[in-house]
Amino acid sequence: MARRRPELLCGAVALGCALLLALKFTCSRAKDVIIPAKPPVSFFSSRSPVLDLFQGQLDYAEIIRQDSEVVLLFFYAPWCGQSIAARAEIEQAASRLSDQVLFVAINCWWNQGKCRKQKHFFYFPVIYLYHRSFGPIEYKGPMSAVYIEKFVRRVMKPLLYIPSQSELLDFLSNYEPGVLGYFEFSGSPQPPGYLTFFTSALHSLKKDYLGTVRFGVITNKHLAKLVSLVHSGSVYLHRHFNTSLVFPREIMNYTAENICKWALENRETLFRWLRPHGGKSLLLNNELKKGPALFLFIPFNPLAESHPLIDEITEVALEYNNCHRDQVVERLLQHLRHVDTPVFESLAPEAPAQLPDPPLITMSPCCNTVVLPQWHSISRTHNVCELCVNQTAGGVKPSSVSVPQCSFFEMAAALDSFYLKEQTFYHVASDSIECSNFLSSYSPFSYYTACCRTISRGVMGFLDSEHELFETPAITFSSLEKKYEVESPSSVPHIEENRFLFPGVDVESTSFTGLSCRTNKTLNIYLLDSNLFWLYAERLGAPSFTLVKEFAAIVDVKEESHYILDPKQALVKFTLESFIQNFSVLYSPLKRHLIGSDSAQFPSQHLITEVTTDTFWEVVLQKQDVLLLYYAQWCGFCPSLNHVFIQLARLLPADTFTVARIDVAQNDLPWEFMVDRLPTVLFFPCNRKDLSVKYPQDLPITLPNLLKFILHHSNPEPAPQSLANPTTKECQQSEEALQQGHISHLEREIRKLRAELRALHSAQAQVEAQLASARRDEHRLLRQKQTLEQQHSLLRLHSEQLQALYQQKTGQLEEVARRLQELADASENLLTENAWLKILVATMERKLEDKEGAETLATPKEAHTDHPEPVGEPRVPGGNPPSSNVSATLASERSHENRTD
């Protein structure tokens, strides 16, 4: 066809060329167009005290770092928002420390800079500090000027000089663990071990950026003896409640790493600072798992010379954990209270002295707080009583060991007797404190004291500003118990109102000291800077707007509850102690804090009541049936039920029935009303709120189903006969069918539960079998481990033997090689001497042969002496004629010597 019609071939060739040109043009246009990055510009202003290496000159930074004692390197990325936010903080810190510290900022993002090529950071900004040749010390604290300056100053001066006893007490009473080193500077300008101790302080800052271990230096030997330091170079770790330690130089090497590791492993902390970095972390979760936690939010200035509030918190923590009334802790508490302490001999731990038994009449009784039931179901008043077990002066004197505690049987007997006498204190309202004493039915020497007062639930905090409520109460004894009155010591209540209810009780008689060892709800104390982390306080219940950002809250994850200190109260020692005491008692008067929202009423003429945490009890406990919907803003299916509940609210009478809903994402509820899925519907019948019913989850939420559910579980009052409709047979049949269906549904649920129970039993059996198998495997592995250890020891012994044999054979081989070398040298010398001997022998042989030939020639000449000598041969005058054989002999000797060589 191409031969017949050549125009087709030309067209195809032209089309192919056009396609190639189009493809080439398209590929050239499809190439990525890469715009080179713009050259970097200065991140800090030219007037800034920070040296800005905006081209990433890391090598230049290393050069100038060698000339400064302390250097701060600020690695940043120009686009990073946190780097931009930290720029002003770095400049502020540099303006105060630029005369002592070199501040260098390095752009570590430009791809042409050496910093980007050599450093690989996962986040920005990064702050490194160098103290001469030591470093880098990375700073991971808040990007605030005061915190950065505080950390830099601590790197500049990692050791504190302790010149006097008062400063020693200041150092030891601080909440941070203290490490003291004793060095004598009189003998040398730098005593042995001082540089190591100095470096260990820098190591502690490198490992823990919060700086929770303080390092101090003592140069006075008399001051050092107070902390059991005698020898120069010894190191002392102070602990408040455990035995203080001295660095064991005979066990561990005296190095900076070992001193720092020893201090960090054996330190003792009263409370811990928490500084969340703002990202996702398990910091709070890990701390809350340890037990109930007391969170204290206080405004903290790291650069302040004194912190009175922290001193008060330290005093509270020392008293709370001082279980054995240690003398050293008591001295430190006196120092914190600014009480003049006498000159003491030693702060080292001493053996507890045997305290004399106190007079029996002044022994502290064992008390318990009892809350009587409410006088009405909707009442907000209680009778709070303090029940104490006492011993009479004439009774049997208990041993000193059993004085601090009372037995369980005594307290149980006291509670039984108290509830039998409960009607004595059962009043609707009482303006006075009623006290009663009654004898024990188990022991004639024991009696119980109970003091009760009617209080309102609204004043459970017991520390409202209206103190006149508790001023000078008239204490009266019940007439029914006057015959049992015995002159007894005052009871010591644990409730917060004790100082107002019982003015005669001494303030110092409260049993707060060592409370952590006498309760099962021991608190871990944590501090947070409210200037940085007030958002956490707001989430726990603190007000959003307040003049003083001070807040305290107790969170107990195990009990799923938390309590807050009234924000109206000042955060001082007294309120903290009362707050902790109220939490620690068996029947705590503290009220759980629930977070609620101020949601507006639901639209559509308020047919649906919007319930919050504050209004939950008011809505649920009212005298009518309540249908409550649990929902959340993030629940996508929940809004589709709004029209169903609006129709239901229109059908049901508003005076006898309430349709409500609650946002569980914005409101906290008591644990007994929590749900595990959304949406969930609960029905609270009238006058039977404890019989709340949950709407079946497998049943669609429709208007007919909701009406059947409500009618089935409600208990309406019978209507008058004139108004009631006659019940027809069909209604009875439908009701029976509905009940039968409900019964069948319950039977199905029971069968499901039984099947799940059987499955759980089988799973338990499988888990137990797996555990038994794991234990067998563990025993087998232990035996294998022991066998391998024995084999390893045998192999190690065999290796040592082989090593010794190897060394022995190596020595023998070296000796043989040396001897062989000597033999080789001797044989070489012998060969050389042998060659020379051969040459001499050959020479001597030739000479002998020449002499023999000469003698044979001389004999015929002598025989023919009468013949005349040949004519023409010259003669040497006065000598023998030259012999023709001499030259030949010399030539032969030379040739023989050449051959020999």
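Refer to the structure presented above.
Quick summary incoming for the structure in this document. The model shown is predicted, which means the values in this text are computed figures rather than measured ones.

**Some points on the pairing of strand β8 (residues 214–218)**
Here's step 1: Taking burial as the measure, the five residues of β8 include five buried ones, the bulk of the element.
Here's step 2: The alternating pattern of β8 places Arg214, Gly216 and Ile218 and Phe215 and Val217 on opposite faces, both of which are buried.
Here's step 3: Across four bridges, strand β6 (residues 159–162) lies against β8 in parallel orientation. Looking at β8, one finds that leucine 159 is bridged to phenylalanine 215.
Here's step 4: In this sheet, β8 lies alongside strand β7 (residues 178–182) in parallel orientation, the contact comprising five bridges.

**What to know about the sheet that holds strand β23 (residues 657–663)**
Here's step 1: The sheet built from five strands is open, its strands ordered β21-β23-β22-β24-β25 with mixed pairing. Every interior strand has two partners, whereas the edge strands, β21 (609–611) and β25 (693–694), have only one.
Here's step 2: Sheet topology note: the strand β22 (residues 625–631)/β23 ladder contains seven bridges and is parallel. Along β23, the bridge assignment pairs leucine 628 with alanine 660.
Here's step 3: Relative to the sheet, helix α19 (residues 642–651) contacts β22, β23 and β24 (680–684), its axis offset from that of β23 by approximately 155 degrees.

**Digging into the packing of aromatic side chains**
Here's step 1: Going through the model one piece at a time under the given rule, you end up with 31 aromatic pairs.
Here's step 2: Measuring from ring centre to ring centre gives 6.1 Å for phenylalanine 44 and phenylalanine 74, while their planes differ by 80 degrees; the resulting arrangement is edge-to-face. Of this pair, phenylalanine 44 sits in the loop between α1 (6–30) and β1 (51–53) while phenylalanine 74 sits in strand β2 (residues 70–76), and the two are 30 residues apart along the sequence.
Here's step 3: Relative accessible area serves as the criterion here: at 3%, phenylalanine 44 is assigned to the buried category.
Here's step 4: The class for phenylalanine 74 is buried, based on a relative accessible area of 0%.
Here's step 5: Ring geometry for tryptophan 109 and phenylalanine 124: centres 6.4 Å apart, planes at 85 degrees, overall edge-to-face. Placement of the pair is tryptophan 109 in the loop between β3 (102–107) and α4 (114–118) and phenylalanine 124 in the loop between α4 and β4 (126–131), with a sequence separation of 15 residues.
Here's step 6: What links up through ring pairs into an aromatic cluster is the set Phe75, Trp79, Trp109, Phe121, Phe124 and Tyr128.
Here's step 7: For the cation-ring pair, arginine 87 lies above phenylalanine 43, with the distance from its terminal atom to the ring centre recorded as 4.4 Å.
Here's step 8: The lysine or arginine in question, arginine 249, covers the ring of tyrosine 254, its NZ or CZ lying 3.9 Å from the ring centre.

**Some thoughts on a negative patch on the surface**
Here's step 1: A cluster of acidic residues, Glu845, Glu849, Glu852 and Glu855, forms a negative patch on the protein surface.
Here's step 2: With respect to the element layout, glutamate 852 can be found in helix α21 (residues 729–863).

**Here we look at the pairing of strand β12 (residues 293–298)**
Here's step 1: The buried fraction of β12 is high, at six of six residues.
Here's step 2: Alternating positions in β12 separate into two faces, Ala293, Phe295 and Phe297 on one and Leu294, Leu296 and Ile298 on the other, with burial throughout.
Here's step 3: Where β12 meets strand β18 (residues 524–529), six bridges bridge the pair, whose relative direction is parallel. Paired with leucine 296 across the strands is leucine 527, a residue of β18.

**Structural notes on the sheet that holds strand β19 (residues 551–556)**
Here's step 1: Taken in spatial order, the five strands line up as β11-β18-β12-β19-β20 in an open sheet, and their pairing is mixed. Strands with a single pairing partner mark the edges of an open sheet, and in this sheet they are β11 (272–273) and β20 (561–564).
Here's step 2: One ladder, built from five bridges, connects β12 with β19; its direction is antiparallel. Across the sheet, leucine 294 pairs through a bridge with isoleucine 554, a residue of β19.
Here's step 3: Along the sheet face, helix α15 (residues 530–540) touches β12, β18, β19 and β20 and points at about 130 degrees away from the line of β12.

**Examining the pattern of salt bridges**
Here's step 1: One pass over the full model with this rule turns up 16 salt bridges.
Here's step 2: The salt bridge partner of arginine 132 is glutamate 69, with a shortest N-O separation of 3.3 Å. Here the residue arginine 132 occupies a position in the loop between β4 and β5 (134–139), and glutamate 69 occupies one in the loop between α2 (58–65) and β2, the gap between them amounting to 63 residues.
Here's step 3: Each of Glu815, Arg818, Arg819 and Glu822 takes part in salt bridges that share partners, so that together they form one network.

**Some details on the side chain of serine 204**
Here's step 1: By secondary structure assignment, the location of serine 204 is in helix α7 (residues 194–207).
Here's step 2: With near-sequence residues (within four places) excluded, serine 204 lies in contact with Val213, Phe215 and Cys260.

**A closer look at helix α20 (residues 703–713)**
Here's step 1: Every buried residue belonging to α20 is among Leu703, Asn705, Leu706, Phe709, Ile710 and His713, and all of these are buried. The arc that holds the buried residues of α20, viewed along the axis, is 165 degrees, so those residues lie on one side.

**Quick notes on a nonpolar patch on the surface**
Here's step 1: Taken together, the side chains of Leu51, Tyr60 and Ile63 define a hydrophobic patch exposed on the protein surface, amounting to about 280 Å² of accessible area.
Here's step 2: Along the chain, leucine 51 falls in strand β1.

**Structural notes on the state of the cysteines**
Put plainly, a disulfide is one covalent bond tying together the sulfur atoms of two cysteines.
Here's step 1: Taken as a whole and judged by the stated rule, the model has three disulfides.
Here's step 2: The partner cysteine of cysteine 108 in its disulfide is cysteine 115, sulfur to sulfur 2.0 Å. Between cysteine 108 and cysteine 115, the S-S dihedral sits near -95 degrees, and the bridge is therefore left-handed. A single burial state applies to cysteine 108 and to cysteine 115, both of which are buried.
Here's step 3: Note that cysteine 323 is cross-linked by a disulfide to cysteine 517, the S-S spacing being 1.7 Å. Judged by the sign of its S-S torsion, about 75 degrees, the bond between cysteine 323 and cysteine 517 is right-handed. Of this pair, cysteine 323 sits in the loop between α11 (308–321) and α12 (327–336) while cysteine 517 sits in the loop between α14 (498–501) and β18, and the two are 194 residues apart along the sequence.
Here's step 4: Given a relative accessible area of 27%, cysteine 323 falls into the partly exposed group.

About the cut-offs
Residues numbered from 1 in each chain as written. Predicted model: local features only at pLDDT ≥ 70, side-chain atom pairs only at ≥ 80, totals over all residues. Heavy atoms only, no water. Buried < 20%, exposed > 50% of the residue type's maximum accessible area, 1.4 Å probe, protein only. Helix = DSSP H or I, 4+ residues; strand = E, 2+ residues; numbered from the N terminus. Pairing = 2+ DSSP bridges. Contact = heavy atoms within 4.5 Å. Axes fitted to C-alpha atoms, helices over the stretch in contact; angles between N-to-C directions. Phe/Tyr/Trp six-rings, centres within 6.5 Å; stacked < 30°, edge-to-face > 60°. Lys NZ or Arg CZ within 6 Å of the ring centre and 35° of its normal. Patch = residues over 30% accessible without salt bridge, like charges linked within 9 Å, V, L, I, M, F, W, Y side chains within 5 Å. Areas by Shrake-Rupley, 256 points an atom, 1.4 Å probe, with all protein chains shown as cover. Salt bridge = Lys/Arg side-chain N within 4 Å of Asp/Glu carboxyl O. Lys, Arg positive; Asp, Glu negative; His and termini not counted. Charge placed at Lys NZ, Arg CZ, Asp CG, Glu CD. Arc of directions from axis to C-beta. Disulfide = S-S within 2.5 Å.

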